[in-house]
Amino acid sequence: RIEAEAIVRCAMDQMKLQLKLPVEERRTFGVITFNIQQQSLIQDLFDHALKDEPELEWFFSDDRIEPTVVKNLENVQGDERDVMYFSITFGPTLTNPRISLNFGALNKDGGHRRLNVAITRAREEMKVYSSFHPDRLDATRSQSRGLNDLKKFMLFADARGETPLEGQTLDSVGGFDSPFEQEVSNQLELRGWTVIPQIGVSGFRIDLGVKHPEEPGAYLAGIECDGATYHRSATARDRDLTRQLVLEGLGWNILRVWSPDWWYDPPGVADRIHKELTDLLNDERGLVKLDDTSTEPKDQPE
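Just so it is clear, the model here is predicted, and its values are computed rather than measured.

Counting its secondary structure elements, the protein contains nine helices and eight strands. Within the protein, the proportion of its 302 residues that are buried is 44%. Taking all contacts inside the protein whose residues are at least 6 apart in sequence as the whole, residues at least 24 apart take part in 68%. By element, 48% of the accessible surface of the protein is carried by carbon and sulfur atoms, the whole surface being about 16,600 Å².

This is the structure in C-alpha cells:
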C-alpha cells in the first residue's frame, strides 16, 4: 500500500504541474504493477484523490487519445505513455523480512518477455518504486530468467539509468588478468573472503571484486592490483584517478594493492586489505572500531 500511495501522490503532483502548460505540451501518464491486486488498489487511490482534486480529471478522461492508465504485468502490452510509474509490488513483510522469490506472473514461462514489455512502455521516463534495494534480491536462488532480469533492471534503475555493470551483470567478465591478481585473491580467500576476478563495471573492469558476506549478489569492495609500470606513468595515474571517481560515484569502495609492496611482504599487505575490508563491513553494521593495541573502543557509541 505504501508503494501505491507514493505513486499516486507523485503522479498527481506531476499532473498539477502539467496543468500549467498548453494542452499539446502536457505529458501522458501510466502505472504498471506486478499483479491485479496492486492495480486495483492504485486505481481506487486515484479515484479517491480525484474527489479532492477534480481539476485533474482531464488526465483520466476517456475523451483523450491517451488517458492515464493503470495496468498489470499481464495486460500492459500495447500501451505507451510519456511517463510510466512501475510498482515492484512484492517485497518483505512485517512477518517475513526475507525477500520472497515468488513474483507472480514474472515466474511463469515467458515471464522475462512480460517484464521486457513492461519496462519499455515509457517514451520519456520511468519511475520505479520498490520496498527493497535490488542487492537484497537473491536471484541466484531461482532458475527464473524473469527474476534474474528483474534484478538487473532494478540495479539499472537504482543507478538512475547509468548502467552500473558491464552487460548489466554482477558476474565476472573474465579470468584473472595476471598471476599477481591470482596471488592476492588466494591470500584474501585464506582470510575468509570470496573474491571474483574481472568484474565488468560501467565500461571498466575491476581487477577483483570482494563479495559482501551478508548480502547475496552484492559486493563489499573492489580491489585494483597495480604493477610497477603504473607508478612510472603519470598518464595512467591521471586516467585511473578519473576511473576510480566514476566507480566510487556508482557506490564502489575501491582498495589498492601495489605490486612492489606485495612482493616485499605478501602476508602483511593481505592483512592490511583484510583489515580494510573488515572495517568497511563494521561501518555498515554500525560497529565501533577498536584500536589495534587496545580492547577499548576509541569512541563510545552514541
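Okay, back to it.
Let us now look at helix H1 (residues 2-18). The end-to-end C-alpha separation of H1 is 24 Å, in line with the 24 Å expected for 17 residues at 1.5 Å each. When H1 is considered as a whole, its buried residues turn out to be Glu 3, Ala 4, Ala 6, Ile 7, Val 8, Cys 10, Ala 11, Met 12, Met 15 and Gln 18. Residues of H1 that are buried sit in contact with strand E1 (29-33), helix H2 (36-52), strand E3 (81-87) and strand E4 (122-129).

Of all residues in the protein, 80% have pLDDT values of 70 or greater, and the mean over the chain is 80. Contacts from residues 163-170, a stretch scored under 50 in pLDDT, to residues over four places away or in other chains number 29 contacts. Of the regions scoring below 50 in pLDDT, residues 228-239 engages in 11 contacts with residues more than four places distant in sequence or in other chains.

Next up on the list: the nonpolar core. Within the largest apolar cluster, 22 residues are counted, with the highest numbers of intra-cluster contacts made by Val 8, Met 12, Met 15, Val 31, Ile 42, Phe 46 and Tyr 85. Going through the elements one at a time, H1, E1, H2 and E3 are the ones with two or more residues in this core. What Val 8 contacts, discounting residues up to four positions off in sequence, is Ile 42, Leu 45, Phe 46 and Ala 49. In terms of nonpolar packing, the next biggest core, distinct from the first, is built from 21 residues, Val 76, Leu 101, Leu 137 and Met 154 among them.

The next point concerns the packing of H1 against H2. Two elements in contact, H1 and H2, have axes whose closest approach is 9 Å; the angle formed by their N-to-C orientations is 45 degrees. For the element pair H1 / H2, the angle class is oblique. Read as a crossing pair, H1 and H2 show a hand that is right-handed. Contacts between H1 and H2 involve Glu 3, Ala 4, Glu 5, Ile 7, Val 8, Ala 11 and Met 12 from the former and Gln 38, Leu 41, Ile 42, Leu 45, Phe 46, Ala 49 and Leu 50 from the latter.

Covered by surrounding structure in strand E2 (residues 69-72) are Val 69 and Lys 71 together with Val 70 and Asn 72, the residues of both alternating faces. Judged from the four bridges that link them, E1 and E2 form a sheet pairing that is parallel. Counted as the bridge partner of Ile 32 is Lys 71 from E2. Running through H2, the crossover from E1 to the neighbouring parallel element E2 is right-handed.

Moving on: the pairing of E4. Relative to E4, E3 runs parallel, the two being bridged by six bridges. Within the sheet, the bridge partner assigned to Ser 87 lies in E4 and is Tyr 129. At this point the chain moves from E3, through helix H3 (residues 111-118), to the parallel E4, and the crossover so formed is right-handed.

With respect to the element layout, Asn 75 can be found in the loop between E2 and E3. Assessed through its relative accessible area of 34%, Asn 75 is described here as partly exposed. Separated by 39 residues in sequence, Asn 75 and Ile 36 place their C-alpha atoms 9.6 Å apart. A polar atom in the side chain of Asn 75 sits 2.9 Å from the backbone nitrogen of Asn 72.

This paragraph deals with unusual backbone geometry. With glycine set apart, most residues show a phi of negative sign, and most peptide bonds adopt trans. Residue Thr 89 is not a glycine yet carries a positive backbone phi of 75 degrees. With respect to the secondary-structure elements, Thr 89 resides in the loop between E3 and H3. For Gln 198, which is not a glycine, the phi torsion comes out positive at approximately 50 degrees. Here Gln 198 falls in the buried class, since its relative accessible area comes to 5%.

For sheets, the rule is that strands pair by backbone hydrogen bonds, running either parallel or antiparallel. Taken in spatial order, the four strands of this open sheet run E2-E1-E3-E4, and their pairing is parallel. Here the strands that pair on one side only, and so sit at the sheet edges, are E2 and E4. Put simply, the sheet's adjacent strands are angled 20 degrees from each other on average, direction ignored. Lying over the sheet, H2 contacts E1, E2 and E3, oriented at roughly 165 degrees with respect to E2.

Before going further, it helps to spend a moment on H3. Taken residue by residue, H3 has Gly 111, His 112, Leu 115, Val 117 and Ala 118 as its buried positions. Residues of H3 that are buried make contact with E1, E3, E4 and helix H4 (145-158).

By secondary structure assignment, the location of Ser 144 is in the loop between E4 and H4. A relative accessible area of 11% places Ser 144 in the buried class. One polar contact links the side chain of Ser 144 to the main-chain amide nitrogen of Gly 146, over a distance of 3.3 Å. Once residues within four sequence positions are removed from consideration, Ser 144 is found in contact with Leu 106 and Asn 107.

Reading the values: rules and limits
- Starting afresh in each chain, residues are numbered from 1 along the sequence in its written order.
- With the structure being a predicted model, the display of local features is reserved for residues of pLDDT at least 70 and the display and counting of side-chain atom pairs for 80 or more, all residues being used for whole-chain, interface and lining totals.
- Side-chain numbers come from the whole structure's heavy atoms, not from hydrogens or water.
- Runs of E in the DSSP output that reach at least two residues are strands. Runs of H or I that reach at least four are helices, and both are numbered from the N terminus.
- Residue exposure (1.4 Å probe, protein chains only): buried if accessible area is under 20% of the type maximum, exposed if over 50%, otherwise partly exposed.
- Residue contacts follow a heavy-atom distance rule, with two residues in contact if any of their heavy atoms lie within 4.5 Å.
- Values of accessible area rely on a 1.4 Å probe in the Shrake-Rupley scheme; residue burial ignores everything except the protein chains shown.
- In a helix, the anticipated span is given by 1.5 Å times the number of residues less one.
- Across the chain, each position has a pLDDT score giving the predictor's confidence in that residue, from 0 to 100.
- Think of a nonpolar core as a cluster: buried Ala, Val, Leu, Ile, Met, Phe, Trp, Tyr and Cys residues, connected wherever their side-chain atoms sit within 4.5 Å.
- Each axis is a line fitted through C-alpha atoms, taken for helices only over the stretch in contact, and angles between the N-to-C directions span 0 to 180 degrees.
- Here the word oblique covers every angle except those under 35 degrees (roughly parallel), over 145 (roughly antiparallel) and from 65 to 115 (roughly perpendicular).
- The crossing is said to be left-handed when, going from far helix to near helix, the turn is anticlockwise and less than a right angle, and right-handed when the turn is clockwise.
- The criterion for strand pairing is that DSSP finds at least two bridges linking the strands in question.
- Handedness of a crossover is defined as follows: with both strands directed away from the viewer, a clockwise route from the first strand across the helix to the second makes it right-handed.
- Think of a polar contact as two N or O atoms within 3.5 Å of one another; within protein, one of them needs to be a possible hydrogen donor and the other a possible acceptor, and neighboring residues in sequence only count if both atoms come from side chains.

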